[in-house]
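Spelled out, the chains give:
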Amino acid sequence: MNDRPILSVTGLSARVADEDPDILKGVNLAIRPGEIHAIMGPNGSGKSTLAKVISGHPGYEATAGAVVYQGEDLLEMEPDERAQAGVFIAFQYPVAIPGVSIANFLRTALQARLEDGEELDLFEFQELLMERMELLQMDPSFVQRSLNDGFSGGEKKRNEILQMAVLNPTLAVMDETDSGLDIDALKVVAHGVNALKAENPAMSVLLITHYQRMLNYITPDVVHVMVKGRIVESGGPEVALGLEEQGYEKYRRAQVA
Amino acid sequence: MPSNEVIQGLGLDDYKFGFVTDSEPVFRTRPGLDGDIVRQISARKDEPEWMLKSRLKALRIYDAKPMPQWGGDLSELQDTLDQTYFYVKPQEQMERSWDDVPENIKQTFERLGIPEAERRILAGVGAQYDSEMVYHSLKEEWESKGVIFDSIEDGLKNHPELFRKYFGTVIPAADNKFAALNSAVWSGGSFVYIPPGVQLETPLQAYFRVNQERLGQFERTLIIADEGSRAHYIEGCTAPVYSTDSFHSGVIEIIVHRDAYFRYTTIQNWSNNMYNLVTQRALVHQGAHMEWLDGNLGSKLTMKYPSCYLMGEGAHGDILSIAYAGDGQHQDTGGKVIHVAPNTSSSIVSKSISKGTGRSSYRGLCKVYDGASNSKSNVECDALLINETSRTDTFPYIEIDEKSASVGHEATVSKVGDEQLFYLMSRGLDEAEAMALIVRGFIEPIARELPLEYAVELNRLIELEMEGSVG
């Protein structure tokens, strides 16, 4: 496996645009091709801010440090350029786009990747879509619904995973995809991620989660603990198990001291 | 080409259909309007005396009525009218088959992107080129069913009694200043008659196109759907760009007899110097059903409120309307439903999009007369604003004189959300594509009612418009 990181975050500080103070306070992180990293942390620790900054959300800004993706300065890229380069974010709270079906949206997204003048083959697209839905155990009628419009929390999450499966990213960031899912839905989502990973072993995954339970189904290579905008511990899956038993309390105390 | 160059190269003023095909008119009146011009028009058309009298009477009404002081800004309109040629007769004569249609007109159709399939799939294509029909064909089976689909001029010539019985009965000249103007100088348009019980699966289609600088376009359409009949009429048009103001003022009259169903679909895309002031109204009789599907793009100012007069018990009227106001444009549109008889029902769904300094106004009337018991009406108007400078207003007029009536009104205004744009961009769409997708989603409830090729055309126009909206 290539040793050069696909994503390297160094000394990253970031805040809500124009609002002090920084939420991220010097984050360091390196993800190599094919690795699964998990970032765990209590509410308000800055986990989701990291996902937003990687996605290029206009409501957040980096105040120091760098994010390099495949040798490119990610922070200089527009959100659509990041997506075109293979970065995918499964959002925690995806917004509704009334009147735009999932199928139409995904077709537009795939078409956007093609050169001007090239047309997406609709039959191939249809086949891909059906095959991806089968993989995720979804009803084919699901893609006829308007994007996130009136979706339950679970449907929104599954829709994000479906998009991920169709767009086939190089780096997938999953922002609390497990929150709000019951155990069955969680299993389906985890199964989907594992299946995609099996298909495309070079895909890197950054799992952001509050709870350890997601990690019962997706095994990370590296687990990071984030508290108050910093990564305070990194290690193997055993770190997550330790958290399960002891919670975040010891990290909080360590920081105060 | 880098994408930002593409975007800059497709500004709002860069009108997609901005071209003029060379066509020499064989006759036109001098600019401006008086009794002499009206006589010339009538004489050119070889009209019966009653029609000339009707025109002259309408001219007197037009002269007597003041310019409307409501709706959009009409302060510069008089100058436009003074320069308008009220009648232009094109060189080309009526054509019966596609092969006979002159080559330059075929080219015009081609450049407009009128689908090839049109000729094969669609049975009758009535195309209005300049002020008159030059190409008009009617499927044989329709003729065998007794359906009349003629130019308005031929309607008057070939079916004088039917014509006179209904002409001006839905929209009399005195209805409003522009109805009076149209009644005085009308030229071109369609005459449609569907006999009792006849059901048409394939829509009747008319394409027309204004192709003469400073040409006034005063099309007049009269449609009669007889008892128990069922049909769909589609009219779409695009206009080339002119440097001077242009003016379009149509009158559409429809009579939907007992238990008949009629749908009138129109997508209009005028160049942005056009005043578009149209009166369109349907009388809906007992148990009948009328649908207006109305799309307005372009123009400098559009004032257009399709109306249903629900005259007979159980009559139903639907009005679906989309308006798109780009930079400097004002779309003052909506609908009117008048409940005269008991158990009548109606619905208005209006969607408007304002971009740049564009302004859209919903203006609607729901009137329920005393005695129209158990009538129901529902109005839903949604406005989408693209930029901070975009504007929308809602003017719902509701007049209820009947206690048992039930009337609902719902209005929403939304902005294209930053979160929505970001979400779509995070999947690889650029900002213009994301914007276009959101707008298409917004109008989808109406676009899905359109025949496929029109929905495609509408989406394409909106995509082009959105390309100039960002950056």
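That block above? That's the structure.
All values reported here derive from a predicted model rather than from experimental measurement.

(A) Structural detail: the packing of aromatic side chains. Evaluation of the coordinates by the stated rule reveals 16 aromatic pairs over all chains. With a centroid separation of 6.3 Å and an interplanar angle of 25°, the aromatic rings of F105 of chain A and Y423 of chain B are classed as stacked. Highlighted residues: F105 of chain A in helix α3 (residues 102-113) and Y423 of chain B in helix α11 (residues 418-425), drawn from two different chains. Taken as a pair, F105 of chain A and Y423 of chain B share a single burial class, namely buried. Look at F163 of chain B and F167 of chain B: their rings are 5.2 Å apart centre to centre, the planes differ by 15°, and that puts the pair in the stacked class.

(B) Structural detail: a negative patch on the surface. Taken together, E78 and E81 of chain A together with D418, E419 and E431 of chain B make up a surface patch of like negative charges. Mapped onto the secondary structure, E81 of chain A falls in helix α2 (residues 79-84). When its relative accessible area of 40% is taken as the criterion, E81 of chain A is described as partly exposed.

(C) Local environment of the state of the cysteines. Residues and elements named next belong to chain B. Per the counting criterion, the structure on display carries zero disulfides over all chains. Lacking any disulfide linkage, C308 is separated from the closest cysteine sulfur, that of C366, by 11 Å. Take C381: it sits in no disulfide, and the sulfur closest to it among the cysteines is that of C366, at 12 Å. For C381, a relative accessible area of 4% puts it in the buried group.

(D) Structural detail: the interface of chain B and chain A. Between chain B and chain A, the contact holds 18 residues from the first and 31 residues from the second. Of the roughly 2,000 Å² buried at the junction of chain B and chain A (both faces included), carbon and sulfur atoms supply 67%. Scanning the region where chain B abuts chain A turns up one salt bridge. R427 of chain B is paired through a salt bridge with E160 of chain A; the nearest N and O atoms lie 2.5 Å apart. Our count for the chain B to chain A interface comes out at 10 residue pairs in polar contact (both at pLDDT 80 or more). Mapped by element, the contributors of at least two residues to the side of chain B that touches chain A are α11 and α12 (431-447) of chain B. It is α12 of chain B that contributes the most residues to the side of chain B that touches chain A, seven residues altogether. Considering only residue class, the side of chain B that touches chain A consists of eight nonpolar, four polar and six charged.

(E) Up close: the packing of helix α4 (residues 122-135) of chain A against helix α5 (residues 153-167) of chain A. All names here are of chain A. Contact geometry for α4 and α5: axes closest at 10 Å, N-to-C directions at 130°. By the angle between their directions, the pair α4 and α5 is classed as oblique. Considering the relative orientation of α4 and α5, their crossing is right-handed. Only L162, A165 and V166 of α5 make contact with α4, whose side of the interface consists of L128, L129, R132 and M133. Grouping the amino acids of the contact of α4 with α5 by side-chain chemistry returns six nonpolar, no polar and one charged.

(F) The arrangement of the sheet that holds strand β2 (residues 24-31) of chain A in detail. Residue and element names in this part refer to chain A. If you trace the four strands from one edge of the open sheet to the other, you get β2-β1-β4-β5, paired in antiparallel fashion. Since the sheet does not close on itself, it has two edges, and those belong to β2 and β5 (72-73), each with one partner. Strand direction decides the pairing type here: strand β1 (residues 7-16) and strand β4 (residues 60-69), joined by eight bridges, are antiparallel. Within the sheet, the bridge partner assigned to S13 lies in β4 and is A64. Along the sheet face, helix α1 (residues 47-55) touches β1, β2 and β4 and points at about 105° away from the line of β1.

(G) The sheet that holds strand β10 (residues 204-209) of chain A, seen in detail. All names here are of chain A. The strand order across the open sheet formed by six strands is β6-β9-β10-β3-β11-β12, and the pairing between neighbours is mixed. For this open sheet the edge positions go to β6 (87-90) and β12 (230-235), each flanked by a neighbour on one side alone. When the angles between neighbouring strand axes are averaged without regard to direction, this sheet yields 20°. Pairing analysis gives four bridges linking β6 to strand β9 (residues 171-175), with the strands arranged parallel. Bridge pairing in β9 places V87 opposite L171. Strand contacts of α1: β3 (36-40), β6, β9, β10 and β11 (222-227), with the helix running at about 140° to β10, the strand carrying the most contacts. Sitting on the sheet, α5 is in contact with β6 and β9, with an inclination near 165° to β6.

(H) Quick look at the nonpolar core. Of all hydrophobic cores here, the largest spans 116 residues; its most connected members are L7 and L162 of chain A together with L424 of chain B. Broken down by element, this core gets its largest block of residues, 10 residues, from α12 of chain B. By size, the runner-up hydrophobic cluster in this structure holds 36 residues, among which are V256, Y264, I319 and V368 of chain B.

(I) Representation of a nonpolar patch on the surface. A contiguous nonpolar patch, built from M311, V340 and Y369 of chain B and spanning about 230 Å² of accessible area, is present on the exposed surface. By secondary structure assignment, the location of Y369 of chain B is in the loop between β21 (359-368) and β22 (376-385).

(J) Local environment of the environment of A85 of chain A. Residue and element names in this part refer to chain A. Note on placement: A85 falls in the loop between α2 and β6. C-alpha of A85 to C-alpha of R132: the two residues are 47 residues apart in sequence and 21 Å apart in space. Beyond its immediate stretch of four places on either side in the chain, A85 contacts Y69, Q70, M77 and T170.

(K) Here's a closer look at unusual backbone geometry. With omega at -5°, the peptide bond leading from D20 of chain A into P21 of chain A counts as cis. For D18 of chain A, which is not glycine, the phi torsion reads 65° and is therefore positive. Along the chain, the position of D18 of chain A falls in the loop between β1 and β2. At N343 of chain B, a position not held by glycine, the phi torsion is positive, near 55°. Note on placement: N343 of chain B falls in the loop between β19 (330-339) and β20 (345-354). Since its relative accessible area comes to 36%, N343 of chain B is described here as partly exposed.

(L) Inspection of the pattern of salt bridges at higher detail. Residue and element names in this part refer to chain A. Applying the stated criterion to the full structure yields 24 salt bridges over all chains. Where K47 meets E176, a salt bridge forms, and the shortest distance between an N and an O atom there is 3.5 Å. Here K47, found in helix α1, pairs with E176, found in the loop between β9 and α6 (183-199); they are 129 residues apart in sequence, far enough to count as distant. Among the residues examined, K47 registers a relative accessible area of 3% and is labelled buried.

Here is what the cut-offs are and how they apply
- Residues numbered from 1 in each chain as written.
- Chains lettered and ligands numbered in written order.
- Predicted model: local features only at pLDDT ≥ 70, side-chain atom pairs only at ≥ 80, totals over all residues.
- Heavy atoms only, no water.
- Phe/Tyr/Trp six-rings, centres within 6.5 Å; stacked < 30°, edge-to-face > 60°.
- Helix = DSSP H or I, 4+ residues; strand = E, 2+ residues; numbered from the N terminus.
- Buried < 20%, exposed > 50% of the residue type's maximum accessible area, 1.4 Å probe, protein only.
- Patch = residues over 30% accessible without salt bridge, like charges linked within 9 Å, V, L, I, M, F, W, Y side chains within 5 Å.
- Areas by Shrake-Rupley, 256 points an atom, 1.4 Å probe, with all protein chains shown as cover.
- Salt bridge = Lys/Arg side-chain N within 4 Å of Asp/Glu carboxyl O.
- Lys, Arg positive; Asp, Glu negative; His and termini not counted.
- Charge placed at Lys NZ, Arg CZ, Asp CG, Glu CD.
- Disulfide = S-S within 2.5 Å.
- Contact = heavy atoms within 4.5 Å.
- Buried area = accessible area lost by both parts, 1.4 Å probe.
- Polar contact = N/O pair within 3.5 Å; in protein donor to acceptor, adjacent residues only side chain to side chain.
- Nonpolar A, V, L, I, M, F, W, Y, C, P; charged D, E, K, R; others polar.
- Axes fitted to C-alpha atoms, helices over the stretch in contact; angles between N-to-C directions.
- Parallel < 35°, antiparallel > 145°, perpendicular 65-115°, else oblique.
- Left-handed = near helix turned anticlockwise from the far one by under 90°.
- Pairing = 2+ DSSP bridges.
- Core = buried A, V, L, I, M, F, W, Y, C linked by side-chain atoms within 4.5 Å.

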